[in-house]
Amino acid sequence: MILILIPAISQGFNLLSPQPAGVNKTVYIEAFQFGYRVVAIQEGDKLYYPSTPSLKLNAGDTVTFHVVTKDVTHGFTIDGITDGIAEELLVIPGRTLVVGPVTFTDVGKYRVRCSANCGSLHPFMSIDIIVEPKIPYYALSALL
């Protein structure tokens, strides 16, 4: 697994900007008291606006996260992936935190947690990343 931390200063998201080579998806997330919301998912030149309370990915997806907040400073820690650098992953109002690329190879559930005390409900601030097996279309057609 490769993880590169790139802090970037921004006033918000720069959707549909060129993606670095080798990155499959860019996920735009807003942190707020007391949760996270997936704003958009970019895959190449396509942009999706999910309406689910969690982020669903396929095994093997490589993701770069762009995280912003408008209220207070938050943290952005992916359990089992960014544990060693959690104190560096701060989402500061007026800036964009860029985390990745992260390749999710294992199927399962990963929890994103706030690692900066952001208020009374801080311990409950999280969102799930659900990584499902990547099943090719031809394999599904054999089941019909």
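Residues numbered from 1 in each chain as written. Predicted model: local features only at pLDDT ≥ 70, side-chain atom pairs only at ≥ 80, totals over all residues. Heavy atoms only, no water.

K.L.:
For this particular structure, what's the right way to read the nonpolar core?
P.N.:
By size, the foremost hydrophobic cluster in this structure holds 29 residues, and its most contacted members are Y36, F65, F76, F104 and I129. Those elements giving two or more residues to this core turn out to be strand 2 (25-32), strand 3 (35-43), strand 5 (55-58), strand 6 (62-69), strand 10 (95-103), strand 11 (108-113) and strand 12 (126-132). Setting aside its immediate chain neighbours within four residues, F65 contacts V27, I29, L55, F76, I78, L97, V98, V99, F104 and I129. (Core = buried A, V, L, I, M, F, W, Y, C linked by side-chain atoms within 4.5 Å. Buried < 20%, exposed > 50% of the residue type's maximum accessible area, 1.4 Å probe, protein only. Helix = DSSP H or I, 4+ residues; strand = E, 2+ residues; numbered from the N terminus. Contact = heavy atoms within 4.5 Å.)

K.L.:
Could you clarify how one ought to interpret the packing of aromatic side chains in this entry?
P.N.:
Any aromatic ring pair is given by two values, namely how distant the centres are and how the planes are angled relative to each other. Applying the stated criterion across every chain, the model contains four aromatic pairs. Seen from their ring centres, F65 and F76 are 5.5 Å apart, and the 55° between their planes marks the pair as tilted. In this pair, F65 sits in strand 6 while F76 sits in the loop between strand 7 (74-75) and strand 8 (77-78), placing the two residues eleven residues apart along the sequence. Taken individually, F65 and F76 each receive the classification buried, so the pair is uniform in this respect. Ring plane angle 75° and centroid distance 5.1 Å describe the contact between F104 and Y110, whose orientation is recorded as edge-to-face. Grouping residues by exposure puts F104 and Y110 together as buried. Here a set of aromatic residues connected by ring pairs shows up, and it is made of Y36, F65, F76, F104 and Y110. (Phe/Tyr/Trp six-rings, centres within 6.5 Å; stacked < 30°, edge-to-face > 60°.)

K.L.:
Where do I start with the confidence of the model for the protein in this structure?
P.N.:
For the protein, per-residue confidence averages 84 on the pLDDT scale, and residues scoring 70 or more make up 78% of the total. Note that pLDDT drops below 50 for residues 1-11; the model gives that stretch 36 contacts with residues more than four away or on any other chain. (pLDDT = per-residue confidence, 0-100.)

K.L.:
Explanation requested: the state of the cysteines in the structure shown.
P.N.:
Should the sulfur atoms of two cysteines be covalently bonded, the bond is a disulfide. Tallied over the full model, the rule gives zero disulfides. The cysteine C114 is free of any disulfide, with C118 supplying the nearest cysteine sulfur at 3.9 Å. (Disulfide = S-S within 2.5 Å.)

K.L.:
I tried to follow the pattern of salt bridges on my own but got confused; where do I start?
P.N.:
As a working rule, side chains carrying opposite charge can pair if their charged atoms are close by. Applying the stated criterion to the full structure yields five salt bridges. Of the charged contacts, one joins K109 and D128 as a salt bridge, the two residues approaching to 3.9 Å between their closest N and O atoms. One end of the pair, K109, is in strand 11; the other, D128, is in strand 12, and 19 residues separate them in sequence. By relative accessible area, which is 58% here, K109 ends up exposed. Of the charged contacts in the structure, one is a salt bridge between R111 and D128, with a shortest N-O distance of 2.6 Å. Of this pair, R111 sits in strand 11 while D128 is found in strand 12, placing the two residues 17 residues apart along the sequence. You can call D128 buried: its relative accessible area is 18%. (Salt bridge = Lys/Arg side-chain N within 4 Å of Asp/Glu carboxyl O.)

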